[in-house]
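Structural features, examined
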Amino acid sequence: MTARAVAVIGAGTMGHGIAYVATLAGCSVALTDSRPEAIPPAIRRIGDLYTGGVKRGKLGEADVAAAAARLRADRDLGSAVREADVVIEAVVEDLGVKQRLFAELERAAPATALLATNTSSLSVGAIASAVRDPGRVVGLHFFNPVHAMKLVEVVTHERTEPGTLDRALAFVRQLGKEPIVVKDAPGFASSRLGLALGLEAMRMLEQGVASAEDIDKAMELGYNHPMGPLKLTDLVGLDVRLAIAEYLHQTLEEPQFEPPQILRDKVAKGELGKKAGKGFYRWSD
Ligand SMILES: NC(=O)c1ccc[n+]([C@@H]2O[C@H](COP(=O)([O-])OP(=O)(O)OC[C@H]3O[C@@H](n4cnc5c(N)ncnc54)[C@H](O)[C@@H]3O)[C@@H](O)[C@H]2O)c1
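Residues numbered from 1 in each chain as written. Predicted model: local features only at pLDDT ≥ 70, side-chain atom pairs only at ≥ 80, totals over all residues. Heavy atoms only, no water.

Before going further, it helps to spend a moment on the site of the ligand. Neighbouring the ligand are 21 residues; Met14, Asp33, Glu93, Lys98 and Ser120 lie closest to it. At a separation of 2.8 Å, an oxygen atom of the ligand approaches a polar backbone atom of Met14. A distance of 2.5 Å separates an oxygen atom of the ligand from a polar atom in the side chain of Glu93. Residue assignment for the shell around the ligand shows that the elements contributing at least two residues are α1 (13-24), α5 (95-108) and β6 (137-142). Split by residue class, the shell around the ligand holds eight nonpolar, nine polar and four charged. (Near = heavy atom within 4 Å. Polar contact = N/O pair within 3.5 Å; in protein donor to acceptor, adjacent residues only side chain to side chain. Helix = DSSP H or I, 4+ residues; strand = E, 2+ residues; numbered from the N terminus. Nonpolar A, V, L, I, M, F, W, Y, C, P; charged D, E, K, R; others polar.)

Structure, rendered in structure tokens:
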């Protein structure tokens, strides 16, 4: 089944990217945010993505015009989701906020709409527990930047209906992305693997095994990773990685997820990575 109408809740880093790819996939998209001031920059960023696509010869002017015409910003959550086939939540990573939002979405969206969360670390089952029909809830974990990253983790919790999974897979493919199916386990597949590598790289740096550059090169040149784990941590944000490590350490109770001291120290000093100008590397724009 092809999705026609999509609502994206949260117009931040992920929400604007998801809205962008959905418009290009032929969906009419309503983008909403609880902070009205978040909308204009999101629309500008989507505009920049269209322009960039045309400049690089990836998109035609007519396709972009058609896609842009399918996008609307809606300040009101109720009217944004009223006719949606698929609702994707991309709001702040806070279980209480997401649960309250899903309870509201269940009331406001059509009963047939797929309800998806883009959470990167929370339990999809816990989010789904906020609705009466949790079988329609699934995780759709997109990657940043959404327009460039091919992978979407489709996360099923214990009560996800098989039909919901099928629709989620079809939707991901409609967006031109590649889905993988992952159970609702902490860190899913990608964060758990990525973090295990990132934290080990930090411990190696801490122990003086090699420099940050050389640890990264080990993975870039030895394993063909496009980017080493420390540089990647700088891009993601050290604070973000610390929060995920703490969560995985608590939930999986595995020692490899205990945050290394170097990570805690850098976060305490405000060395949060590229966004702060300094992390494991120095950055200037
Ligand atoms: N940034 C990433 O690299 C990344 C990658 C994958 C998944 N995620 C997940 O995607 C979600 C969004 O992350 P982000 O980086 O886009 O965050 P962000 O802070 O850039 O954007 C979140 C937006 O949600 C809005 N918002 C907050 N509460 C809301 C509510 N109740 N209703 C409507 N809007 C609300 C905020 O005003 C903000 O504009 C999080 O769950 C995050 O874990 C992030």
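That covers the picture; the talk isn't over yet.
With respect to the helices, strands and loops of the structure, Asp184 is situated in the loop between β8 (178-183) and α8 (190-206). Taking the C-alpha atoms as reference points, Asp184 and Gly125, separated by 59 residues in sequence, lie 7.0 Å from one another. With residues near it in sequence (within four places) discarded, Asp184 still touches Leu122, Ser123, Val124, Gly125, Val155, Thr156 and His157. Separated by 3.0 Å, the side chain of Asp184 and the backbone nitrogen of Val124 make a polar contact. (Contact = heavy atoms within 4.5 Å.)

Their axes nearest at 9 Å, the elements helix α11 (residues 238-252) and helix α12 (residues 261-268) cross at an angle of 135 degrees. Judged on the interaxial angle alone, α12 and α11 are oblique. α12 is crossed by α11, and the crossing has left-handed handedness. The residues of α12 that touch α11, namely those facing Leu238, Asp239, Arg241, Leu242 and Glu246, are Leu263, Arg264, Lys266 and Val267. Broken down by class, the residue content of the contact of α11 with α12 amounts to four nonpolar, no polar and five charged. (Axes fitted to C-alpha atoms, helices over the stretch in contact; angles between N-to-C directions. Parallel < 35°, antiparallel > 145°, perpendicular 65-115°, else oblique. Left-handed = near helix turned anticlockwise from the far one by under 90°.)

So, about α12. All buried positions along α12 are accounted for by Ile262, Leu263 and Lys266. One side of α12 holds all its buried residues, which, seen down the axis, span an arc of 100 degrees. For α12, the secondary structure elements touched by its buried residues are α8 and α11. Of the residues one or two after α12, Gly270 is the one with positive phi, at around 85 degrees. (Buried < 20%, exposed > 50% of the residue type's maximum accessible area, 1.4 Å probe, protein only. Arc of directions from axis to C-beta.)

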